[in-house]
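Coordinates in review
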Amino acid sequence: MIQTEKKIVYSAFGLRISSEIPLPEVPHSSEPTTELDVEIRIGDIGRLADQLFAAPFKHVVEEGAVFFYVPDTAYYSIWNGRLITVSPVQGADEDLIRLYVLGTCMGALLMQRGILPLHGSAVAIHGKAYAFVGDSGAGKSTLASAFLSEGYPLVSDDLIAVTLSKEDQTPVVTPSYPQQKLWQDSLKHLGMSSGEYRSIYGREDKYCIPVASNYVSSPLPLAGVIELVKTENELQIAKIAKLECLQTLLYHTFRPFLIPRLGLMDWHFQASSVIAGQISMYRLHRPETRFTAPQLVNIILETLSMEVGHSV
């Protein structure tokens, strides 16, 4: 059974998080513990337990709260952007329980707080954040790692939290926590040994990579989104047409099926419209038959350097 912690406050996505579940990936907060944004508790999921058990992985939304069950792992609920309750299954693996807390639970919680969660990785290029989005296996984290190897720090991996500044509605990315998830094949091509890292539960060929020494901890303006698409052809990058930008942002929102269920379609449309109007969006086709991350870094930097008034 998972061991609980008391009164430990973590910092991720610009939020102060008190958690009864240990979160070793997430830095401790230096802010006063009396001012919390989020609580993660271990407790009873309530009357929906039987319904959730009968439909594993199905997300149930009631009164703005999100509930789901992962077999042999835990029941989860996310309330009002402030409370995550976890009811672990006896004997469940702690790493797997935590994987859903920091993934699906946090993505739903960000939506509830009016923070747009994109599914991808983001790096900092000369003081601005650039997001890499794409389907599973498109190479988002691998591309981010290739940028890290060239000295460009990580901003976020898996979940990219985008807010609009109160002053001028500028889209801003708030960093998550200093860790990446990389496949063993990517580690090999990047010259990294899998023996140095902990594998992700249930995915023996995917690993958690700490990046504390090359990580941005302060919010950065979002300057661009690059969609990765696998292809049988050669490398090609092109701007996404304005009419496609909103659909691209919707498609690559983390767990987008929750948006209508939470009554957030208008919010998402308005936020996406503001974001799309201020950033550059590109579609980058990459060959799936060979490792091209270093070439992708070069083509992205060359493309950005040709933008009017932008120098990288």
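Residues numbered from 1 in each chain as written. Predicted model: local features only at pLDDT ≥ 70, side-chain atom pairs only at ≥ 80, totals over all residues. Heavy atoms only, no water.

Take the packing of helix 3 (residues 140-149) against helix 8 (residues 293-305) next. Here helix 3 crosses helix 8 at 75°, and the two axes come no closer than 9 Å. The angle between the axes of helix 3 and helix 8 places the two elements in the roughly perpendicular class. Residues T142, L143, A146 and F147 of helix 3 touch helix 8, and the partners they reach there are A293, L296, V297, I300 and L301. Residue composition of the contact of helix 3 with helix 8, grouped by class: 8 nonpolar, 1 polar and no charged. (Axes fitted to C-alpha atoms, helices over the stretch in contact; angles between N-to-C directions. Helix = DSSP H or I, 4+ residues; strand = E, 2+ residues; numbered from the N terminus. Parallel < 35°, antiparallel > 145°, perpendicular 65-115°, else oblique. Contact = heavy atoms within 4.5 Å. Nonpolar A, V, L, I, M, F, W, Y, C, P; charged D, E, K, R; others polar.)

Moving on to the sheet that holds strand 6 (residues 74-79). Reading across from one edge, 1-2-3-7-6-5-4 is the order of the 7 strands in this open sheet, with mixed pairing throughout. The sheet terminates laterally at strand 1 (9-12) and strand 4 (60-62), the two strands that pair on one side only. When strand polarity is set aside, the average angle formed by the axes of neighbouring strands in this sheet is 20°. The strands touched by helix 2 (residues 94-112) within the sheet are strand 2 (15-19), strand 3 (38-42), strand 5 (65-70), strand 6 and strand 7 (83-88), with strand 6 carrying the most contacts at an inclination of about 20°. (Pairing = 2+ DSSP bridges.)

Reported here for the second largest pocket is a volume of approximately 210 Å³. What lines the second largest pocket is a set of 18 residues, and nearest its centre among them are S11, A12, G14, P175 and S217. Elements represented by at least two residues in the lining of the second largest pocket include exactly strand 1 and strand 2. Its residues placed into classes, the lining of the second largest pocket shows 9 nonpolar, 7 polar and 2 charged. (1 Å grid on protein atoms, 1.4 Å probe; cavity = no way out; pocket = protein on both sides within 12 Å on 5 of 7 lines; lining within 4 Å. Points joined across faces, edges and corners; volume = space filled by probe spheres on them.)

Here helix 5 (residues 242-251) crosses helix 7 (residues 265-276) at 125°, and the two axes come no closer than 9 Å. Regarding the angle of helix 5 to helix 7, the classification is oblique. In this structure, helix 5 meets helix 7 at a crossing whose hand is right-handed. Between helix 5 and helix 7, the residues in contact are K242, C245, L246, L249 and L250 and H268, F269, S272, S273, I275 and A276, respectively. The class makeup of the residues in the contact of helix 5 with helix 7 is 7 nonpolar, 3 polar and 1 charged. (Left-handed = near helix turned anticlockwise from the far one by under 90°.)

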